[in-house]
Every structure is written in C-alpha cells, then in structure tokens.
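Listed below are the residues making up each chain.
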Amino acid sequence: MFRLPISRASRPLVVGLAKPQQACRAYASAPRSSFDWEDPLGSKNLLTEEELAISETAERYCQEQLLPRVLQAHRTEHYDPAILREMGELGLLGANLHGYGCAGASTVASGLITRAVERIDSGYRSGMSVQSSLVMGGIYEFGTAEQKEKYLPEMAKGKLLGAFGLTEPNHGSDPGSMQSSARPHPTKKGYLLLRGSKTWITNSPIADVLLVWAKLRDTGKIRGFLIDRKDCPPRTLETPKIKNKTGLRASITGMIHMEDCPVPEANMFPDVEGLTGPFTCLNSARYGISFGTMGALEDCISRARTYALERKQFKENPIAKYQLVQKKLADAATDAAYGVLASIQVGRLKDEGKATPEMISMIKRQNCDRALVNARALQEIFGGNAVSDEYAIGRHVANLFVTQTYEGQSDIHSLILGRAITGLQAFV
C-alpha cells in the first residue's frame, strides 16, 4: 500500500506527541483565523484592492440611499429614475466598459456592484442591469462609433435611460421566432419602419433609448435597432406600464408597441445578425444576475440569523439554538459561499477571454435556483411574521422567483448545459 513519505524534519514532532489527546490540545491552542459567517470561504481574499474599494462604495450607497426607499417603492410599485443618475455619479453604470465615461473595472467588480444592489432588492438590480449590461453593453459591443459617442457617455451618467426589447407576448424562451419586423420606409429614404410588440421590458415606460431586436422583412435576419424616443412621431411608439406585479415591484416594467415606428438606418447595428447580438448582451446580464442573487440570499441569511437570535420560544430560548433552524442557516450560507466563488471564477475567465456561454448558464441557473430554494427555507424561520413586508424576506422570495425565470428560465439553461454535455439538441 502506498504511503506518503515522512520527512526527517517531521518525525520528531510526531514522535514527541505521546498521546492523541496531546495532539488535540496542541491543535486547539494553535493560532487560527476565526470563521466569518458573512464570508465563510474567504472570497474577499480573491479580490483586488480596486475591487474591494468598488464593492465598498456600492455597498455604502445601497445601504444608505437605496435601503430607506425600498419598502415604500415595493408597496407602491414606484421606481425613481433618479436612482440611475445617482449610480452614474458614482461610476456604477457600465462599470466594466472602457471609455465613454465608464470606469473600466473588471467583470468581477461589476458583479460585486450587482451583488450590493440586489442585497437591497432584485428590482433595483434589474433596472441597473438593463441600463449597464443589456443596453450600454449592446451598444459598446455592436454599435458604430457614432452610436457609442451619442449614447454611452450620457447613459453612463444615468441621464439617458435604456430598455432592451427582445421578449414578445408569444415568444419568451424562443426568441428566434419573434414576429417584430422592420421594412424599408416607402417614402423616406434611409429609414425603416418597425412593427411589433415586446413585453416584460424593464425600464420601457421611462426609457429614452430602446434597443429593440426585430427581423428584416426582406431577409428574415434578426438585427438590433436603437429607437430614440424623442424622434418617434405620436402613436408610433407606446410603452405602457405593466401594473400589479407580485415580484420586482420596486422596478418599473412595461411593454413596447411599435406601429410603423420610423427608425434611421444609421440606428441599426451594422454587422451583428441573428441571435448572437441579443445573446451576447444576455450573457453579460446573466453573469450579473449570478452575483446579484447571492446578494439577495446573503441578506436573507443575515435577516434570518438576526431574527432567530432575537426570537425566543420554549423556555425563553432563542430559536437559533434549535437544530432545524441552524441547518437552514448552514445550507443557505454554504450555497451562498459556493455561488460567490463560482461567480468570481467565471468573471476572471471572462476577462481573460476564456469564459463560455455554458459557464454563464451554469452559474446563472445554479445561483438563481439555490437562492430561491434557500430563501424559501429561511422564510420558515420567521413563521407567520414572514408575510409582513417589514421583515423583507417575503419580498426577496417573490423577487428571486422572477430572477430564476427571466433571461433564460432555469429549465432552458438545463437544456443549454445538456446540449453542451451530450452534443444533442433537446429544444426541438
């Protein structure tokens, strides 16, 4: 049987410990780092000084500025556009983009920002992600020099608000079957007319610029178009708000109705065709979601821990003393710690050009699923109090159901991963 060799230098130490009890006492008395329940696996040790500083800035803003507003915003379904301007002043919008007034930070740093924002509310993070990843990211990746110069600096400041139009009423998980179309303007040279509807579009009722994906009627190719609201004639573009949501109530969600909406050909992305464009944007946003949902779960853990230590039952014992409560906290903390490490790893690979879409599908699916499962379990610690919105846990649970659904529902990401593993297409 193979055994690891024992060096000469190590033998006296082993021989000198005459009894197992002595070895245990020696280990117990040795200096050790204390366990940090808020960072169980020491993920902060993997971050650069710049990333730590960005994370601290984002956390301070979110705790001091967003947290006091969120309960009323959730109750009234009110989203204040000033939030994006505040984020822009701090350099939090499009943080991983270079130039155009953007911070040029790492992908991991951008994930830490989403984590801080979603620790407060997934709806706030959704509004920011659409601005930063889907619209700014799309323009940065596929836009012309003129489009970038026109839109990105003002979007980075939060002075121009964006929306991303892909999902349609009849085509959610199957965007390739979209019905929105673009055709040449019959009388106005250099213009196209867009027709169709998009739904469940974050920011659409307040957006100044809408990145919409539609098929060219003559070729059937999917292309990206930048619709500038101020240039649209009356009734050609409508963006009604979707009301009475049960999740993401602190963000604003709407539709996009285009009725022969005129768009200059110069506002079409010049080269990207098919689903490559929208999926590239979605991959960036999905990465942010993987990190953001860990922020929501971490807030659930913190709130459940505090409640369990303060709530006393059965001879005035804190319910944190009981095994079932501790197991829920242990499960949640473990999944959160693993999820953060996975997001950091994929972020590093993304900056090195080594990340694949399947990696992002894996962490988006896993982190969303585990955040939802654990948040629901932690909700049980609150008992009947969980239904009160003042305890916040129910709001997180409702929001996390949505994060598990949008930008690729978890079952769809399962099929993406299954195809990558087996080489067989299971979508059709």
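Residues numbered from 1 in each chain as written. Predicted model: local features only at pLDDT ≥ 70, side-chain atom pairs only at ≥ 80, totals over all residues. Heavy atoms only, no water.

Colleague: Hey, could you go over the pattern of salt bridges for me, with residue numbers and the actual values?
Modeller: Tallying each qualifying case throughout the model produces 25 salt bridges. Its salt-bridge partner being R348, residue E51 comes within 2.7 Å of it at the nearest N-O pair. Of this pair, E51 sits in helix α3 (residues 49-76) while R348 sits in helix α9 (residues 323-351), placing them 297 residues apart in sequence. Taking the shortest distance from any N to any O, the salt bridge between R183 and D260 comes out at 3.4 Å. Here D260 lies in strand β9 (residues 253-264) and R183 lies in strand β4 (residues 181-184), a separation of 77 residues in the sequence. By relative accessible area, R183 is classed as partly exposed at 23%. Three or more residues are tied together by salt bridges with common partners; here these are E59, R115, R119 and E298. (Salt bridge = Lys/Arg side-chain N within 4 Å of Asp/Glu carboxyl O. Helix = DSSP H or I, 4+ residues; strand = E, 2+ residues; numbered from the N terminus. Buried < 20%, exposed > 50% of the residue type's maximum accessible area, 1.4 Å probe, protein only.)

Colleague: Kindly report on the environment of E265, identifying the contributing residues and their values.
Modeller: Its place among the elements puts E265 in the loop between β9 and α8 (276-310). Separated by 77 residues in the primary sequence, E265 and A342 place their C-alpha atoms 41 Å from one another. E265 has contacts with G190, Y191 and L192, leaving out every residue within four places of it along the chain. (Contact = heavy atoms within 4.5 Å.)

Colleague: Can you break down α8 residue by residue, with the values?
Modeller: Helix length check: α8 (35 residues) gives 51 Å between terminal C-alpha atoms against 51 Å at 1.5 Å per residue, within 8%. Among the 35 residues of α8, 25 are classified as buried, and the element is accordingly described as predominantly covered. (Expected span 1.5 Å × (residues − 1).)

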